[in-house]
Amino acid sequence: MRKEILALACLFGLLHLSPVQAISLKISADIQGVYDEDFNPLPVQRYYGFPVIYQFDISFAVKSLAPGEDSFGGLAFNVDLYNFEDAYDVGWTRDNPVVDYNGFPPGGLRYLFSTNADVGASDSDEQGILIQMEAGAFTSAFDPRRNVGEPGGLPGYVGSLFLRHKGYPGAVMTISGIQYFAKTTTGQFTPPTMGFPVSKVVGWRGPEPSSLVLAGLGMMASICRRHQR
């Protein structure tokens, strides 16, 4: 029995000391704008005493790639709300520009992402949002898709959420269930890597909440998923 325990301990030590290398992303959810009910712009601030609409822009940045990985491959996540609701029932507002993948020769127009949509049980509940690159290896050195989200490449902006805050304190928007993956030099998608939730809080009069408070509020938003929908 002691030998088995020692073997497991050694295995755990090897796994702990030799983590599997994989793509690393930073996911951001930034307040891009604030609007009144008629969609007139307001100063960007975290507290208003009346209902307003917040625009959150969701983006990613590639922090590192592992050997054999060529580029960003895809990203999936859910959106959990507490004291928020969709404004105008628009759901996930994707950003998917057309790019030219082969430079000067004609016929090189492609969407930046092959998929950018809410692919969950409902296409308007922000559960199961998937952003994914086209399958297959990149064949052109001019292809801007292979550097999206990297320094010097196209921005990793993928879409926006327009959420109505009714003025209650402590409204939380959390990007949860984050999984992301890379595309290899041979055009294959790597196994997904799990990411930490990202939370944003409004309706808070004091200083910006600490990371610990944000983590707790994000957990509350996840537990109260789709609250007040």
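These remarks concern the structure in this document. Position labels on residues start from 1 in each chain and follow its written sequence. Whole-chain, interface and lining totals are the exception, using all residues; otherwise, since this is a predicted model, local features are given only for residues with pLDDT of at least 70 and side-chain atom pairs are given and counted only at 80 or more. Excluded from the side-chain calculations are hydrogens and water; all other atoms, namely the structure's heavy atoms, are used.

### Considering the side chain of serine 140
Assignment of secondary structure puts serine 140 in the loop between β10 (127–132) and β11 (157–165). Pairs of N or O atoms are called polar contacts if they sit within 3.5 Å, as long as, within protein, a hydrogen donor faces a hydrogen acceptor (for residues adjacent in sequence, only side-chain-to-side-chain pairs). Of note is the side chain of serine 140, whose polar atom sits 3.0 Å from the backbone oxygen of tyrosine 101. We call two residues in contact when some of their heavy atoms are within 4.5 Å. Not counting residues up to four positions away in its chain, the partners in contact with serine 140 are Tyr101, Asn102 and Arg146. The helix and strand labels rest on DSSP assignments: H or I over at least four residues marks a helix, E over at least two residues marks a strand, and numbering proceeds from the N terminus.

### Things to note about the pattern of salt bridges
Salt-bridge detection follows one rule: a side-chain nitrogen of Lys or Arg within 4 Å of a carboxyl oxygen of Asp or Glu. One pass over the structure, following the stated rule, counts 7 salt bridges. Arginine 146 is the partner of aspartate 70 in a salt bridge, and the nearest nitrogen-oxygen pair spans 3.0 Å. You can see aspartate 70 sitting in strand β4 (residues 69–82) and its partner arginine 146 sitting in the loop between β10 and β11, a full 76 residues away along the chain. Exposure categories follow from relative accessible area, calculated using a 1.4 Å probe and restricted to protein chains: below 20% of the type maximum is buried, above 50% is exposed, and the middle band is partly exposed. Relative accessible area serves as the criterion here: at 17%, aspartate 70 is assigned to the buried category. On the accessibility criterion, arginine 146 (21% relative accessible area) is partly exposed. A salt bridge links glutamate 85 to arginine 164, with the nearest nitrogen and oxygen atoms 3.4 Å apart. Of this pair, glutamate 85 sits in strand β5 (residues 84–86) while arginine 164 sits in strand β11, and the two are 79 residues apart along the sequence. With a relative accessible area of 15%, arginine 164 lands in the buried category. Several salt bridges converge on common partners, so that one network encompasses Glu37, Glu85, Arg164 and Lys166.

### Examining the packing of aromatic side chains
The aromatic pairing rule takes the rings of Phe, Tyr and Trp, using the six-membered ring of Trp, and pairs them if the centres are within 6.5 Å, calling planes under 30 degrees apart stacked, those over 60 edge-to-face and the rest tilted. In the structure shown here, the tally under the stated rule is 10 aromatic pairs. Note on phenylalanine 77 and tryptophan 92: the rings are 5.7 Å apart at their centroids and 80° apart in plane angle, and the pair reads as edge-to-face. Of this pair, phenylalanine 77 sits in strand β4 while tryptophan 92 sits in the loop between β5 and β6 (93–94), and the two are 15 residues apart along the sequence. Lysine NZ or arginine CZ positioned within 6 Å of the ring centre and within 35 degrees of the ring normal marks a charge as sitting over the ring. Its end group placed over the ring of phenylalanine 138, lysine 183 keeps NZ or CZ at 3.7 Å from the ring centre.

### Considering the nonpolar core
For the purposes of this section, nonpolar cores are sets of buried Ala, Val, Leu, Ile, Met, Phe, Trp, Tyr and Cys residues that join through side-chain atoms within 4.5 Å. Residues Phe60, Phe72, Phe77, Phe84, Met173 and Ile175 are the most contacted members of the largest nonpolar core, which totals 38 residues. Setting aside residues no more than four positions away along its own chain, methionine 173 makes contact with Ala29, Phe56, Val79, Asp80, Leu81, Phe84, Leu161, Leu163, Val198, Ser199 and Lys200.

### As for the side chain of asparagine 116
Position of asparagine 116 among the secondary structure elements: in strand β9 (residues 115–118). A polar contact of 3.0 Å, which involves the side chain of asparagine 116, links it to the backbone oxygen of aspartate 95. If sequence neighbours within four positions are ignored, asparagine 116 has contacts with Trp92, Arg94, Asp95, Asn96, Leu130, Ile131 and Val158.

### Let's talk about the environment of isoleucine 131
As for its position among the elements, isoleucine 131 is in strand β10. Judged by relative accessible area, which is 0%, isoleucine 131 ranks as buried. Along the primary structure isoleucine 131 and valine 119 are separated by 12 residues, whereas in three dimensions their C-alpha atoms are 9.7 Å apart. With residues up to four places along the chain from it excluded, the contact list for isoleucine 131 reads Phe72, Gly73, Gly74, Leu75, Phe77, Phe113, Thr115, Asn116 and Val158.

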